[in-house]
Amino acid sequence: MKNYVLGFYASIAALAADQASKAFVLANADTLAAGIPVFPGFNLIFHRNYGVTFGFFQSVPWWVLALVAAAIVLFLAVCLIRATRISEAVAYGMVIGGALGNIVDRLRFGGVTDFLDFYLGTAHWPAFNLADVFVVCGVGILLIVAGREKIASSEASK
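All figures in this text were calculated on a predicted structure; none of them were measured in a lab.

**Some details on the pattern of salt bridges**
For step 1, the next point in the chain: Counted under the stated rule, the structure contains three salt bridges.
For step 2, the next point in the chain: Notably, a salt bridge pairs Lys22 with Asp105, separated by 3.2 Å at the nearest N-O pair. Placement of the pair is Lys22 in helix 1 (residues 3–27) and Asp105 in helix 4 (residues 86–109), with a sequence separation of 83 residues.
For step 3, the next point in the chain: Linked by salt bridges that have partners in common, Asp18, Lys22 and Asp105 make up one network.

What follows is the structure, encoded as structure tokens:
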């Protein structure tokens, strides 16, 4: 099986998990609007983010943000097809699936549905969603793979 096929499956799984979790949140939006404590330091909450990370660029039209994200997805799809390692392909797939999940939200609602609220005392990390988790984990895997390759190449040149 080609690496890109596994990456494609990873993107579909990430997109499906993200959209299923957001469907649950939307079905319970009234209950989640005020937030539901799950355990100390973590709430489930319904929040719509009309910007990007940390709420930046909220004044930019939703369709511009969706268009930029779509261009990035196309670039990442090329990277996925060219990936030589399974770990890279899966990581690119995770990032693509997460990005597509947030693009779907922008197309449907003009903003992204966030619901994971972590906090310490009164300090809250900005709410996020599973799409964001997949993007961060995928990028993390890519950084680990790149770091391991750099270590391996420096050891080989000794």
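Next comes the rest of the write-up.
**Quick word on the layout of surface pockets**
For step 1, the next point in the chain: Taken as a whole, the largest pocket encloses approximately 810 Å³ of empty space.
For step 2, the next point in the chain: Looking at the largest pocket, it is lined by 30 residues, and the ones nearest its centre are Val52, Thr53, Asn102, Arg106 and Asp132.
For step 3, the next point in the chain: Among the secondary structure elements, those contributing two or more residues to the lining of the largest pocket are strand 2 (42–49), helix 3 (62–82), helix 4, strand 3 (112–120) and helix 5 (130–156).
For step 4, the next point in the chain: Here the residues of the lining of the largest pocket sort into 19 nonpolar, seven polar and four charged.

**Considerations on the environment of Pro40**
For step 1, the next point in the chain: The residue Pro40 is located in the loop between strand 1 (36–39) and strand 2 in this model.
For step 2, the next point in the chain: You can call Pro40 exposed: its relative accessible area is 77%.
For step 3, the next point in the chain: Sequence separation between Pro40 and Ala23 is 17 residues; the distance between their C-alpha atoms is 25 Å.

Cut-offs and rules
- Residues numbered from 1 in each chain as written.
- Predicted model: local features only at pLDDT ≥ 70, side-chain atom pairs only at ≥ 80, totals over all residues.
- Heavy atoms only, no water.
- Salt bridge = Lys/Arg side-chain N within 4 Å of Asp/Glu carboxyl O.
- Helix = DSSP H or I, 4+ residues; strand = E, 2+ residues; numbered from the N terminus.
- 1 Å grid on protein atoms, 1.4 Å probe; cavity = no way out; pocket = protein on both sides within 12 Å on 5 of 7 lines; lining within 4 Å.
- Points joined across faces, edges and corners; volume = space filled by probe spheres on them.
- Nonpolar A, V, L, I, M, F, W, Y, C, P; charged D, E, K, R; others polar.
- Buried < 20%, exposed > 50% of the residue type's maximum accessible area, 1.4 Å probe, protein only.

By themselves, these are just geometric observations and shouldn't be taken as functional.
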